[in-house]
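Letter by letter, the chains look like this.
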Amino acid sequence: MIKTFSLLALTLVFTGMTACSQPSPQKILVQDINPEAKVELEALKRELNVSTIRDLKDQKSEIWQIPKGKEDQLQEAIRSLKNAQELNLTALQQDYRQLFVRPSQSPQLSEAQNRLLEHMKSEKIASGRVSLFELNEMPFVLHGLTKGFDQRDGFPDRGTLKIQLSPEEQLSVVKTESSLTDGGYIWKGSVKEKDGDVMLLANGDSITGSLNLKGKVYSIRPLGKGMHAVIEKRTDAFPDDHPPRFQKTAEEANQARDMPPSPPLDRNERVDIDLLVAYTKRVTRIYHNVENDLIRLALAELNASVRQSSLGRIRFRLVHSYETKYEETGNWDDHLIKIKPEINQKRQEHSADIGILIVDDGDYCGEAAQIRASKSKAFCVVHHNCATGYYSFGHEIGHLFGARHDRYVDNETTPFPYGHGFLNGNQWR
């Protein structure tokens, strides 16, 4: 585990270091470096032959390597520096590419955190494996996500993160793409040994994410104050995609309809599609922050799928999200009917092209109001647990644009002959 200590506690960390108990050299994370102490610290490092492995300038931190036998000298020397009294040092006793670490002791969760955790464990699609972790030291997390560690840190592969799935299982994930958005830092990676994909969204001390690994689906959910839960989901327990009523929606799409002509498009011009997302009070209660932990992640997955489909000029944007006063009463069939007046009004207010209602009703994963939707029916309903990782958020939006299911279950050719999903055996679609 990582052991954190202040300057006053340096003796506790370095006392008793021997060739048997502590390999040499020792690596430490140095945080809260006062710029005014830089010159003194550099002179001190030269004197004691302490090397800087990594300068984490953005976080006012550095990773040092201390030669064997120099620990006591370093301790005394730092205490004598006028501008280094607030220095925070962390002895590194593990692979610091880890995104999460196991709590050093049984964490004292708040009432709100316990409520979130218990709900995650009770969900129908939870396998029972819900593991609790805390975020690694922030300089490691930020540098690992944005720039990545490499040979200078003693690691052979650049851009790799380590993610704990459970206390016993850890993944090595290689970055494939990343970007900074107004909703946080988006990081996408692949897991070669498990033929899987990982999507992460970092915002402050919260990281939300989804992992698809050879038929297994995991979710990373923040609990607040750096604490996170990793949930293994039962893929056989996901709800059906749509309610039976959707069959009628599909049949209606077979009929020719008068649609306004599409304006000519420049194939090199970027197309922005604006989304408005509403969510119920029941959804609010089971997330630390609905917009950051659910909606922004679903949006990141949607835009990634667009890029992978060679449609990179298309970008979906979130223009507004809010908690609706709509109560989840009755059955699933009520949602589309009852939310229509409100969500269309909100779409108009915020100039949104599409509206989405996220619910906690687990009977089905989602439903679009229409295949190739008209202006008044450009909205859909999605169950929160299917929205990310299972991709129902993008699935229902695809229906609104005219996409149908794969040809194995729907061989109709309207509104577009090519508008079908792709099925890769029983692995993914």
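Counting from 1, residues in each chain are numbered in the order their sequence is written. Selection of residues for local features in this predicted model requires a pLDDT of at least 70, selection of side-chain atom pairs for listing and counting requires 80 or more, and totals for whole chains, interfaces and linings are taken over all residues. Side-chain measures were taken over the full set of non-hydrogen atoms in the model, leaving aside hydrogen atoms and water.

1. Considering the overall build of the protein chain
Line of reasoning, step 1. What counts as a helix is a DSSP run of H or I of at least four residues, what counts as a strand is a run of E of at least two, and both are numbered from the N terminus. Summing up its helical and strand segments, the protein chain has eleven helices and 19 strands in all.
Line of reasoning, step 2. When burial is assessed residue by residue, the protein chain has 49% of its 429 residues classed as buried.
Line of reasoning, step 3. A separation threshold of at least 6 residues defines the contact pool for the protein chain, and within that pool the share at least 24 residues apart is 66%.
Line of reasoning, step 4. In the structure as shown, the protein chain presents an accessible area of about 21,400 Å², 48% of it carried by carbon and sulfur atoms. Note on classification: 1.4 Å probe, protein chains only; a residue is buried when its accessible area is under 20% of the maximum for its type, exposed when over 50%, partly exposed between these limits. Whether two residues touch is decided by their heavy atoms; if any such pair falls within 4.5 Å, the residues are in contact. Every accessible area reported is derived by Shrake-Rupley at a probe size of 1.4 Å, with residue values counting cover from the shown protein chains alone.

2. Considerations on helix 11 (residues 392-400)
Line of reasoning, step 1. By the criterion of burial, helix 11 is predominantly enclosed, with seven of the nine residues buried.
Line of reasoning, step 2. Every buried residue of helix 11 is listed here: Ser-392, Phe-393, His-395, Glu-396, Ile-397, His-399 and Leu-400.
Line of reasoning, step 3. Once helix 11 ends, the next one or two residues include Gly-402, with phi positive near 110°.

3. Considerations on the nonpolar core
Line of reasoning, step 1. Among the buried residues, those of types Ala, Val, Leu, Ile, Met, Phe, Trp, Tyr and Cys that are joined through side-chain atoms within 4.5 Å form a nonpolar core. By size, the foremost hydrophobic cluster in this structure holds 32 residues, and its most contacted members are Leu-275, Phe-316, Ile-356, Ile-358, Phe-393 and Ile-397.
Line of reasoning, step 2. Looking at this core, the elements that each hand over two or more residues are helix 6 (246-252), strand 15 (271-279), helix 8 (290-308), strand 16 (314-323), strand 17 (354-359), strand 19 (379-383) and helix 11.
Line of reasoning, step 3. Looking at this core element by element, the count peaks at seven residues for helix 8.
Line of reasoning, step 4. Not counting chain neighbours up to four residues away, the residues in contact with Ile-397 comprise Leu-275, Leu-302, Phe-316, Ile-354 and Ile-356.
Line of reasoning, step 5. Of all hydrophobic cores here, the second largest spans 23 residues; its members include Leu-135, Val-141, Val-198 and Tyr-218.

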